[in-house]
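Architecture and fold: a report
The residues making up each chain are set out below.
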Amino acid sequence: MDVTARGPQVGEELEPVTRVARNTARGKGIHDDTRAQTLGFEGAPVPGVTIFAYVIDMLIGFFGEDWTDGGDMDMAFTSPAYVGQRITARAIVRDRKEEDSGLRVFLDVWAENEEGRKVASGTASGLLPTGRQP
Amino acid sequence: MDEVDPQQQLELAGRLYEMLQPGQELGPWETVFTEEDVRAYAAAIGDDDPWYLRRSASGGLRCHPAMTAPISIWLFQEERHRMLGEPAQPLVGVHAAACHHYLGPVPVGKRLIARSKVTDKYIRRQRYYAVVETRTVDEEGRDVVHSRDTFLLTPVRIPGEAG
């Protein structure tokens, strides 16, 4: 089926991905409890690149594994995420544009903790090749 | 764990901020991600079903794309150490933003070569920031990812700074 004929519609939400946040850089730099607390954090924040990974997994689930051929993501880490929090990556379709090889989909993306507080937000895009359904 | 003192952190960040110059080049920096690295990464982020460890259509294994995300951090840290020498306490910064454009799968077992450039520095909300752009290619010169990362040099605010 031609995805440009249907495809995701503006305002449509992607299937979210939820992970329990882990400190993948424990003890390094700001990712140490004592050091982070001295500098005003509640504890060691989870690395932004780990939150980035959760959002990418959501994008791969939607666009497929070829998202890395031309996909992009731009995120600001707006609030610290802490170990053990359930972090959910979410996205909503902001725009879509037909291209020769498929449908380029533009998204607003974010990650939020279980209280609904955004820990990262930004934009992403990727190509849904003709013939592929998300 | 190294002790940190907010006042000293601010002094170090201010010194680094003055020394950093837009156009300043960082690297090159090289790494090879092995299959063991990829499995360790999957375990570290709590990924129970790593899609990137299944064989791709071309038959090769891939890294999780986010495995390239720390490259510019490592490059920036290396440059920071070079510029600041061996201070009594390390400067503790925060990764504030990341913009990545992927140009192909991140290969396993191939050399990746990254080069960065400082493209901007600014003070906002009483804090020092630097922006670094990085181009990462594989050993055959194919572009893998282009990134732009923003680093908060220290979370400690500059007293009296209105910016």
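Remember, predicted model here, so these are calculated numbers, not experimental data. Counting from 1, residues in each chain are numbered in the order their sequence is written. Throughout, the order in which chains and ligands are written sets their labels, letters from A for the former and numbers from 1 for the latter. This being a predicted model, a pLDDT of at least 70 is required before a residue's local features are given, and a value of 80 or more before pairs of side-chain atoms are given or counted; all residues contribute to the totals for chains, interfaces and linings.

**Topic: the overall build of chain A**
For helices the rule is a DSSP run of H or I covering at least 4 residues; for strands it is a run of E covering at least 2, with both sets numbered from the N terminus onward. Helices and strands together make up the secondary structure of chain A, namely two helices and five strands. Counting from the amino terminus, chain A carries its helices and strands in the arrangement β-α-α-β-β-β-β. Projecting the C-alpha coordinates of chain A onto the three principal axes gives extents of approximately 55 × 25 × 20 Å. A residue is called partly exposed when the number of other C-beta atoms within 10 Å of its own lies between 12 and 20, exposed at 12 or fewer, and buried at 20 or more, with C-beta atoms placed from the backbone. Here chain A holds 134 residues, and the buried ones make up 44% of them. Remark: residues whose backbone-derived C-beta atoms lie within 7 Å of one another are considered to be in contact. When contacts within chain A are restricted to residue pairs at least 6 apart in sequence, those whose partners lie at least 24 apart make up 66%.

**Some remarks on the overall build of chain B**
If you tally the helices and strands in chain B, you get three helices and five strands. If you list the helices and strands of chain B from N to C, you get α-β-α-α-β-β-β-β. Viewed in the frame of its principal axes, chain B has a C-alpha envelope of about 55 × 35 × 30 Å. Expressed as a percentage of its 163 residues, the buried residues of chain B come to 38%. For chain B, contacts bridging at least 24 residues in sequence account for 76% of all contacts bridging at least 6.

**Examining helix α3 (residues 71-84) of chain B**
All names here are of chain B. To estimate how far a helix should reach, multiply one less than its number of residues by 1.5 Å. Taking 1.5 Å of rise per residue, 14 residues should cover 20 Å, and α3 covers 20 Å from first to last C-alpha, within 8% of that figure. Buried within α3 are the following residues: Ile-71, Ser-72, Ile-73, Leu-75, Phe-76, Glu-79 and Arg-80. Where the residues of α3 are buried, they touch α1 (6-19), β1 (25-32), β2 (94-103), β3 (111-124), β4 (127-138) and β5 (143-152). Gly-85 occupies a position one or two residues after α3 and carries a positive phi of about 70°.

**So, the interface of chain A and chain B**
Listed per partner, the contact involves 32 residues of chain A and 31 residues of chain B. Sorting the residues of the side of chain A that touches chain B by element identifies β1 (17-20), α1 (33-38), α2 (48-63) and β2 (69-76) of chain A as the ones contributing at least two each. Ranked by residues supplied to the side of chain A that touches chain B, first place goes to β2(A) with eight residues. Taken together, the residues that form the side of chain A that touches chain B break down as 13 nonpolar, 11 polar and eight charged. Here, a strand pair is defined by DSSP locating no fewer than two bridges between the strands. Here β2(A) pairs with β2(B) via six bridges, running antiparallel. Within the sheet, the bridge partner assigned to Met73(A) lies in β2(B) and is His100(B). Ten residue types, Ala, Val, Leu, Ile, Met, Phe, Trp, Tyr, Cys and Pro, are classed as nonpolar, four, Asp, Glu, Lys and Arg, as charged, and the remainder, Gly among them, as polar.

**Description of the confidence of the model for chain A**
Per residue, pLDDT captures the predictor's confidence, and it can take any value from 0 to 100. For chain A, per-residue confidence averages 90 on the pLDDT scale, and residues scoring 70 or more make up 93% of the total. Of all secondary-structure elements in chain A, the lowest mean pLDDT belongs to α1(A), at 90, while strand β4 (residues 102-112) of chain A reaches the highest, 97.

**Details of the nonpolar core**
Counting residues in each nonpolar core, the largest one holds 76 residues, and the members touching the most others are Ile51(A), Phe52(A), Tyr54(A), Val55(A), Leu59(A), Ala111(A) and Leu153(B). Considering every element that reaches this core, the biggest residue donor is α2(A), with 11 residues. With residues up to four places along the chain from it excluded, the contact list for Leu153(B) reads Ala13(B), Leu16(B), Tyr17(B), Leu91(B), Gly93(B), Tyr128(B), Tyr129(B) and Ala130(B). We define the nonpolar core as any set of buried residues of the types Ala, Val, Leu, Ile, Met, Phe, Trp, Tyr and Cys, connected via C-beta atoms lying within 7 Å of each other.

**Quick notes on the environment of Val145(B)**
Residue and element names in this part refer to chain B. Locating Val-145 in the fold gives a position in strand β5. Residue class for Val-145 comes out buried when judged on the 23 C-beta atoms lying within 10 Å of it. Between the C-alpha atom of Val-145 and that of Glu-36, which follows or precedes it by 109 residues, the distance is 22 Å.

**Regarding the sheet that holds β3(B)**
Ordered in space as β1(A)-β3(A)-β4(A)-β5(A)-β2(A)-β2(B)-β5(B)-β4(B)-β3(B)-β1(B), the 10 strands form an open sheet in which the pairing is antiparallel. What marks the edges here is a single partner per strand, and that holds for β1 of chain A together with β1 of chain B. Between one strand axis and the next, the sheet turns through 20° on average, direction left out of account. Pairing analysis gives 11 bridges linking strand β3 (residues 86-99) of chain A to β4(A), with the strands arranged antiparallel. Within β4(A), the residue paired with Arg96(A) across the bridge is Val105(A). Helix axes are fitted only over the stretch in contact, all axes being lines through C-alpha atoms; the angle between N-to-C directions runs from 0 to 180 degrees.

**A few points about α2(A)**
Residue and element names in this part refer to chain A. With 16 residues, α2 ought to run about 22 Å at 1.5 Å a step, and its terminal C-alpha atoms sit 22 Å apart, in line with that. Among the 16 residues that make up α2, 14 are buried, leaving the element largely enclosed by the rest of the structure. Gly-64, located one to two residues past α2, shows a positive phi value of around 95°.

**Concerning the packing of α1(B) against α3(B)**
Residue and element names in this part refer to chain B. Their axes nearest at 11 Å, the elements α1 and α3 cross at an angle of 100°. Of the possible angle classes, the one that applies to α1 and α3 is roughly perpendicular. Here α1 contributes Leu-12, Arg-15, Leu-16 and Met-19 to the contact with α3, which in turn contributes Arg-80, Met-83 and Leu-84. A per-class count over the contact of α1 with α3 returns five nonpolar, no polar and two charged. By definition in this entry, angles of less than 35 degrees are roughly parallel, angles greater than 145 are roughly antiparallel, angles of 65 to 115 are roughly perpendicular, and the rest are oblique.

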